Amino acid sequence: MAHVKLTDVCKSFGALEVIPGVDLEITQGEFVVFVGPSGSGKSTMLRILAGLEDVTSGAVEIGGQDVTYAAPSERGIAMVFQSYALYPHKSVFENIAFNLRFNKVAKVEVETRVREAARILKLTDLLDRKPSQLSGGQRQRVAIDRAIVRNPDVFLFDEPLSNLDAALRVEMRFEIERLHREIGATMVYVTHDQVEAMTLADRIVAFDDGHIQQIGTPLELYRNPSNLFVAGFIGWPQMNFFPGRVSGVGVIAELGTPVGVNVGDRDLGGSKALTLGIRPEALQLNAPESGDRLSVAGEILSLEQLGHVSYAHVGYGDAPPLVVQLGADAPHGRGDKVRVSLDPRDLHLFDEDGAAIR
Amino acid sequence: MTFGKATAWAILGLAFLFYATPILWLLLAAFRDEPMLFSSGPFSIGSFEMFGQTWTNLTTYNDFQIGRWALNSAVYTIGGVTLSLVAVLPAGFVLATYNFAFRKAILVLTLIAMITPNTVVALPIFLQMQAFGLNNSYIGMIIATAFFPFGVYLAYIYYATSLPAGLIDSARIDGASRFEVFTKVALPLSKPLIALVAFFSFLANWSNYFLAFVLLTKDELYSLPIGLAVLVSSSGALGNDVASDIPINKPEAIVAAILVILPVLVLFLASQKYVRSGTLSGAEKG
Ligand SMILES: Nc1ncnc2c1ncn2[C@@H]1O[C@H](COP(=O)(O)OP(=O)(O)O)[C@@H](O)[C@H]1O
Ligand SMILES: [Mg+2]
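**Points about the layout of surface pockets**
- Estimated volume of the largest pocket: approximately 760 Å³.
- Residue lining of the largest pocket: 27 residues in total, with Leu52 and Glu53 of chain A together with Thr97, Asn99 and Arg172 of chain B positioned closest to the centre.
- Counting residues per element, the ones that place at least two in the lining of the largest pocket are strand S1 (2-13) of chain A together with helix H4 (65-97), helix H8 (149-162) and helix H9 (165-173) of chain B.
- Ranked by residues supplied to the lining of the largest pocket, first place goes to H9 of chain B with four residues.
- Volume-wise, the second largest pocket comes out at about 360 Å³.
- Lining the second largest pocket are 17 residues, and of these Thr116, Asn118, Phe147, Phe148 and Pro149 of chain B sit closest to its centre.
- For the lining of the second largest pocket, the secondary structure elements donating two or more residues are helix H5 (103-115), helix H6 (118-131), helix H7 (138-146), H8 and helix H11 (191-206) of chain B.
- Counted by class, the lining of the second largest pocket contains twelve nonpolar, five polar and no charged residues.

**Brief notes about unusual backbone geometry**
Residues and elements named next belong to chain A.
- For the peptide bond that leads from Trp236 to Pro237, omega is -5°, which places it in the cis range.
- Tracing the backbone through its elements, the reader meets Pro237 in the loop between helix H8 (228-233) and strand S11 (240-247).
- With a phi angle near 50°, Asn286 is a residue other than glycine that sits in the positive phi range.
- As for its placement among the helices and strands, Asn286 is situated in the loop between strand S15 (283-285) and strand S16 (294-305).
- Relative accessible area serves as the criterion here: at 42%, Asn286 is assigned to the partly exposed category.

**With respect to the domain arrangement of chain A**
All names here are of chain A.
- Taken as a whole, chain A is organised into domain 1 (4-227) and domain 2 (240-357).
- Just the C-alpha atoms count here: the centres of domain 1 and domain 2 sit 39 Å apart.
- Facing six residues of domain 1, the contacting portion of domain 2 comprises seven residues.
- Here domain 1 packs against domain 2, burying approximately 470 Å² in sum over the two surfaces, 49% of which is carbon and sulfur.
- Contact with domain 2 buries area across many residues of domain 1, yet Tyr222, Pro225 and Asn227 alone supply 79% of it, more than any other trio.
- There are zero salt bridges connecting domain 1 and domain 2.

Thresholds applied
Each chain carries its own residue numbering, running from 1 in the direction its sequence is written. Written order decides the labels, with chains lettered from A and ligands numbered from 1. Only residues with pLDDT of 70 or above have their local features reported here, since the model is predicted, and side-chain atom pairs are shown and tallied only from 80 upward, although totals for entire chains, interfaces and linings are computed over all residues. In computing side-chain properties, one takes all heavy atoms of the structure into account and sets aside hydrogens as well as water. Only protein atoms enter the 1 Å grid used here. Points where a 1.4 Å probe fits but cannot escape make up a cavity, open sets with protein on both sides within 12 Å along at least five of seven lines make up a pocket, and a residue lines them when an atom lies within 4 Å of a point. Grid points are joined across faces, edges and corners, and a volume is the space filled by probe spheres set on the points. Counting from the N terminus, the helices are the DSSP runs of H or I reaching at least four residues and the strands are the DSSP runs of E reaching at least two. In this classification, the charged set is Asp, Glu, Lys and Arg, the nonpolar set is Ala, Val, Leu, Ile, Met, Phe, Trp, Tyr, Cys and Pro, and all remaining amino acids, among them Gly, are polar. With a 1.4 Å probe rolled over the protein chains alone, any residue whose accessible area is under 20% of its type maximum counts as buried; one over 50% counts as exposed, and the rest are partly exposed. Where each domain starts and ends comes from a domain assignment, either automatic or drawn from a database. Here a residue-residue contact requires only that any non-hydrogen atoms of the pair lie within 4.5 Å. Throughout, buried area stands for the accessible area (probe radius 1.4 Å) lost by two parts on being put together, summed over both. Note on definitions: salt bridges are taken to be side-chain nitrogens of Lys or Arg within 4 Å of carboxyl oxygens of Asp or Glu.

See the structure below:
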């Protein structure tokens, strides 16, 4: 049974339609990540779940209850904000206890629940401090603890790690993942960072322009993106794209020179112009020639060496360079003349509208 | 010290002297008697005895009537400040944080009311108070001075710019009602705003001359500025020929002026600490 269910949810701000109609079901205990570029409506969706924004039309259900018009505090949710949103005039303890005070929880119980929550995120020693005396990472821990203490059915996170530096971000990512494992609550997590999305999500919901582009496990989205947007958004460095077309019975790829490609039994429908996509790790440099591999000659314009892996940007003609993933100690350098090749089975095909052809 | 810095200091020093001179003169003049005011140099120093005599003249006038006026002023001002705070803070908060019909219109009206000189509305207010039977009363004077659109605007700006929206969202999720968001989150974070509104409201009420002049006709209800003005003009203290037999002359007028500005100075010093304190640090990133 769906734990969180959105039915044809639409949201406009005045004349600006931000969410044109979204249906989504989230199961109990699932970790769902909303990912998409900035301005794609992720926060708005989350705020609709939280009850901080009214829907223009549609329905929101949580735990089998219709909460479309329920107040935020009546939905069994807790939310963690990118900006932490701690009460600056209250101690860490009182920040965490604030909600319990509203619910007239007995003093002794407040004490035990706050201390238990503080223990989970290692805040016990900081309970007497004011938010201004905490580091960014500690503040975000308090914000998360404030959610934990309420024991909510659904956790909502809106880019909780975006204000932290890289090392802390990784650490907090593990903390959140551990939290999900420990308490098993449903979590909805908004981010524009696809690494967070890939590592945390049971399922990713990819948004663009208020529309859900694809829903699936991280690997489904990575391996089988259902359209150009998802293909380009998930995965870093980005998937390489180049044009192609359907001619007679086969597909012609514009890779330097037009060249026929064997795309197997994929159903091309009636499409004429195509976009072909290939992941950097599916490209090879100077591989032994073979009949069914596609290849193009080019020159290494730049080489990004990350230590464990390197990325070569190979220019050919006046097309955008192809990014090729290399082993860390591949014997290549800038200016080398190379031959890039690929196995056509690794190609992603997209029709004129950007929809994947499988 | 570079030449540029020296120039900056010189300009600041000159400006300071220019504006501080009259105040210094006023403070020194309080220690001189009438003959000395004319005979000695502008910054010459009199004596405590001379000040004592002036003070006695002023306070014994009409059985210490200026004490009564000072008390009246305090009642009007404290009442006006309190009532304006009670009205202004929630009004600014709601205007800044909720969207409702006519919100923009109300803001525009507030601005218009703010720039309307209070001399223009004195007569209508007088008529209104008369209709309610409230002129020549403490309540009437307090209600009239509590009208403080500038404070509404100040509060609106403060809540719109300094109160993070996330805090309000957070409090709503924590279960606070709209009223509780105001009382438990916004209000505790409003110390600088309260200090600022109270200060400006105090300033406006304390030295409010015209409205008091129009609304109050009984001398036992006079505020300090009205009372002193009436006293000084009726005694002819500021004329050059000593006309009346009341011992109210130029030194008394000078001390009276100091009496009026002293509370403003004290309040300014007391409130500036709050105005500058950073109550909101730590709410968000940073
Ligand atoms: N309160 C609001 N009033 C008007 N427009 C808004 C409001 N909140 C968000 N928007 C608009 O809705 C769109 C989606 O915003 P948002 O949900 O915050 O995107 P995301 O979180 O994916 O970056 C943006 O174009 C934004 O400008
Ligand atoms: Mg957002």
